[in-house]
Amino acid sequence: MNKEIYFDCASTVKTEKEVLDTFLNISNQYYANSSSTHRLGIEADEILSKAREQIARYLCVKKDEIIFLSSATEANNLAIQGVCNRNSKRGKRIITTAAEHPSVMEVFKQKEKEGFDVHYLNYDKYGNIDLNQLNALLTKDVIFVSMMKVNNETGYIFDTDKAYKMVKEKTDAFFHIDATQAIGKEKIDSSYYDLLSMSGHKIGGIKGSGLLVKKKDVLLSPILFGGGQEDGYRSSTVSTPLCASLATAIRLAYSTFDKRREKALKINSYLRENLKKIDEVEIISPIDATPYILSFALKKHKASIISEDLSNHNIFISTKSACSSKEKGYSYVIKNAGYSQLLAENSIRLSFSGKEEIEEGEIFIQELKSSLSRILEDRHEQ
Ligand code: PMP
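Thresholds applied
- Residues numbered from 1 in each chain as written.
- Predicted model: local features only at pLDDT ≥ 70, side-chain atom pairs only at ≥ 80, totals over all residues.
- Heavy atoms only, no water.
- Near = heavy atom within 4 Å.
- Polar contact = N/O pair within 3.5 Å; in protein donor to acceptor, adjacent residues only side chain to side chain.
- Areas by Shrake-Rupley, 256 points an atom, 1.4 Å probe, with all protein chains shown as cover.
- 1 Å grid on protein atoms, 1.4 Å probe; cavity = no way out; pocket = protein on both sides within 12 Å on 5 of 7 lines; lining within 4 Å.
- Sits in = over half its atoms within 2 Å of the grid points.
- Helix = DSSP H or I, 4+ residues; strand = E, 2+ residues; numbered from the N terminus.
- Nonpolar A, V, L, I, M, F, W, Y, C, P; charged D, E, K, R; others polar.
- Buried < 20%, exposed > 50% of the residue type's maximum accessible area, 1.4 Å probe, protein only.
- Pairing = 2+ DSSP bridges.
- Phe/Tyr/Trp six-rings, centres within 6.5 Å; stacked < 30°, edge-to-face > 60°.
- Lys NZ or Arg CZ within 6 Å of the ring centre and 35° of its normal.
- Axes fitted to C-alpha atoms, helices over the stretch in contact; angles between N-to-C directions.
- Parallel < 35°, antiparallel > 145°, perpendicular 65-115°, else oblique.
- Left-handed = near helix turned anticlockwise from the far one by under 90°.
- Contact = heavy atoms within 4.5 Å.
- Points joined across faces, edges and corners; volume = space filled by probe spheres on them.
- Salt bridge = Lys/Arg side-chain N within 4 Å of Asp/Glu carboxyl O.

A. Structural view of the site of the ligand. Among the 14 residues in the neighbourhood of the ligand, the closest are listed as Thr73, Asp178, Gln181, Ser199 and Lys202. Contacts to the ligand include Asp178, whose side-chain N or O atom sits 2.6 Å from a nitrogen atom. His201 is positioned such that a nitrogen or oxygen atom in its side chain is 2.8 Å from an oxygen atom of the ligand. Burial of the ligand by the surrounding chains reaches 86%, relative to a free accessible area of 400 Å². More than half of the atoms of the ligand fall within 2 Å of the grid points belonging to the second largest pocket. Among the elements that make up the shell around the ligand, the one with the highest residue count is helix α3 (residues 72-87) (three residues). Tallied by class, residues from the shell around the ligand come to two nonpolar, 10 polar and two charged.

Encoded structure:
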């Protein structure tokens, strides 16, 4: 079979042509350093300013609340380290969830080693965060709460708006959302966060572009020191072409929001209905998860082997399991939701951009069924 079926859009998507055009045009015309005081520098700075303005409009924030960065990983690191380092005299308690991406989780673990009082919120199989646990943790010494908007493995949509209101009612903590899987896919109300992280390449932008929204009143320390670009929050010569390309990617994502969502819903429900009919499959993503992510687990087969077989048939999906039978890769997100180790080791994530056709879903189901019958059940895991 020749047609490539790419159901791994939560990992990354192909860069949009218009985004690449923006990058090339700006690189050719506005190559000067936007900090330079000569005419070419001023012109580059104007382009940067336009990109910032356009993005701010789409995200419903102020222009000077955008900090251009290289990725969501950098945005998450800056948000967590920056707030914790700057506000540690007020308190040491910081809170996140047990489902976060490693770019949040690993920073919290680091903060734990540094002596912060770190708490991880539980959640259930339906993607409900334990808000009673959050409520009990909300003492005056909480300085920071970080919560992802959409989970990258299961598609859970966490109720960050409600959590934000609870946090603000009882503490002076700053509230961060990791919106990497939500931008251009789920509605985000800018009244319910203090900081927001995102990455360009998840929405057709160029890998290496990203940003942090930092609302005006947030007290943040930089983690990179140098020339003081981006209002002192991110020293490094700013890439005007990358920032302009990010503005194009965000414009495209917002202007196609409804159309893509409708398509994502269609392919998702087609696949969900047909996966349900396969005995070896247990669906993980709840019905109210984002339509862009559909996760399921294999009860009798190794996900890594099925994924490799599908890849040999030009179908590209994502797993958390390791290929070698000795190594035990598993999804902590699925395990922490309350699923068994076996299912957490054998989960498969399908993720979409909102451009997929039902025909691709039909081929996927056929190929998955062939793969399951071609490859023997993994009896050692029973
Ligand atoms: N947060 C979430 C929820 C993600 O899905 C990802 C990417 N998988 C990141 C952060 C990190 O993004 P990047 O690799 O672009 O830094």
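B. Fine view of the pairing of strand β6 (residues 174-178). Counting buried positions along β6 gives five out of five residues, so the element sits mostly inside the fold. Side chains of β6 alternate between two faces, with Phe174, His176 and Asp178 and Phe175 and Ile177 buried alike. Where β6 meets strand β7 (residues 195-199), three bridges bridge the pair, whose relative direction is parallel. Each bridged residue has a counterpart across the sheet, and for Asp178 the counterpart in β7 is Ser197.

C. A look at the packing of aromatic side chains. Under the counting rule described, the total for this entry stands at nine aromatic pairs. Centroid distance Phe108 to Phe144: 6.2 Å. Interplanar angle 20°. Geometry classified as stacked. Highlighted residues: Phe108 in helix α4 (residues 102-113) and Phe144 in strand β5 (residues 142-148), separated in sequence by 36 residues. Taking the relative accessible area as the measure of exposure, Phe108 reaches 0% and is therefore buried. Using a relative accessible area of 0% as the deciding quantity, one classes Phe144 as buried. Seen in terms of ring centroids, Tyr123 and Tyr156 are 5.9 Å apart; in terms of plane orientation they differ by 65°. Their pairing is edge-to-face. In this pair, Tyr123 is assigned in the loop between β4 (117-121) and α5 (131-137) and Tyr156 in the loop between β5 and α6 (160-170), connecting sequence segments 33 residues apart. Counting every residue linked through ring pairs, the aromatic cluster contains Phe7, Phe352 and Phe364. Taking NZ or CZ as reference, Lys185 lies 5.7 Å from the ring centre of Tyr292, over its face. Positioned above the aromatic ring of Tyr193, the side-chain terminus of Lys215 is 4.5 Å from the ring centre.

D. The arrangement of the packing of helix α2 (residues 39-59) against helix α7 (residues 240-255) in detail. Close contact between α2 and α7 brings their axes to 9 Å; oriented N to C, the two are set at 25°. When the axis of α2 is compared with that of α7, the two are roughly parallel. At the point where α2 passes α7, the crossing takes the left-handed sense. Contacts between α2 and α7 involve Ala44, Ile47, Leu48, Ala51, Gln54, Ile55, Tyr58 and Leu59 from the first element and Thr240, Cys243, Ala244, Leu246, Ala247, Ile250, Arg251 and Tyr254 from the second. The residue inventory of the contact of α2 with α7, partitioned by class, reads 13 nonpolar, two polar and one charged.

E. Representation of the layout of surface pockets within the structure. Reported here for the largest pocket is a volume of approximately 580 Å³. When residues of the lining of the largest pocket are traced back to their parent elements, those giving at least two are α7 and α8 (257-276). Tallied by class, residues from the lining of the largest pocket come to seven nonpolar, six polar and 13 charged. In this structure, the second largest pocket encloses a volume near 330 Å³. In this structure, the second largest pocket is lined by 26 residues; those nearest its centre are His101, Asn152, Gln181, Lys202 and Arg349. Here the residues of the lining of the second largest pocket sort into seven nonpolar, 14 polar and five charged.

F. Quick look at the sheet that holds β5. What the seven strands build is an open sheet, ordered β2-β8-β7-β6-β5-β3-β4; its pairing is mixed. In this open sheet, the two edge strands, each paired with only one partner strand, are β2 (66-69) and β4. For this sheet, the mean inter-axis angle between neighbouring strands, taken without regard to orientation, is 15°. Relative to β4, strand β3 (residues 93-97) runs parallel, the two being bridged by five bridges. When the bridges of β4 are listed, Thr96 appears paired with Tyr120. Contacting β5 and β6, α6 runs over the sheet at an angle of about 165° to β6.

G. Layout of the pattern of salt bridges. Applying the stated rule across the entire model yields 18 salt bridges. Across the salt bridge formed by Arg349 and Asp8, the nearest N and O atoms sit 3.2 Å from each other. Here the residue Arg349 occupies a position in strand β13 (residues 347-351), and Asp8 occupies one in the loop between β1 (5-6) and α1 (17-29), the gap between them amounting to 341 residues. For Lys63, the salt bridge identified is with Glu53, shortest N-O distance 3.7 Å. With Lys63 in the loop between α2 and β2 and Glu53 in helix α2, the pair connects residues that are 10 residues apart, well separated along the chain. Judged by its relative accessible area of 39%, Glu53 falls in the partly exposed class.

So yeah, pure geometry; function would need other evidence.
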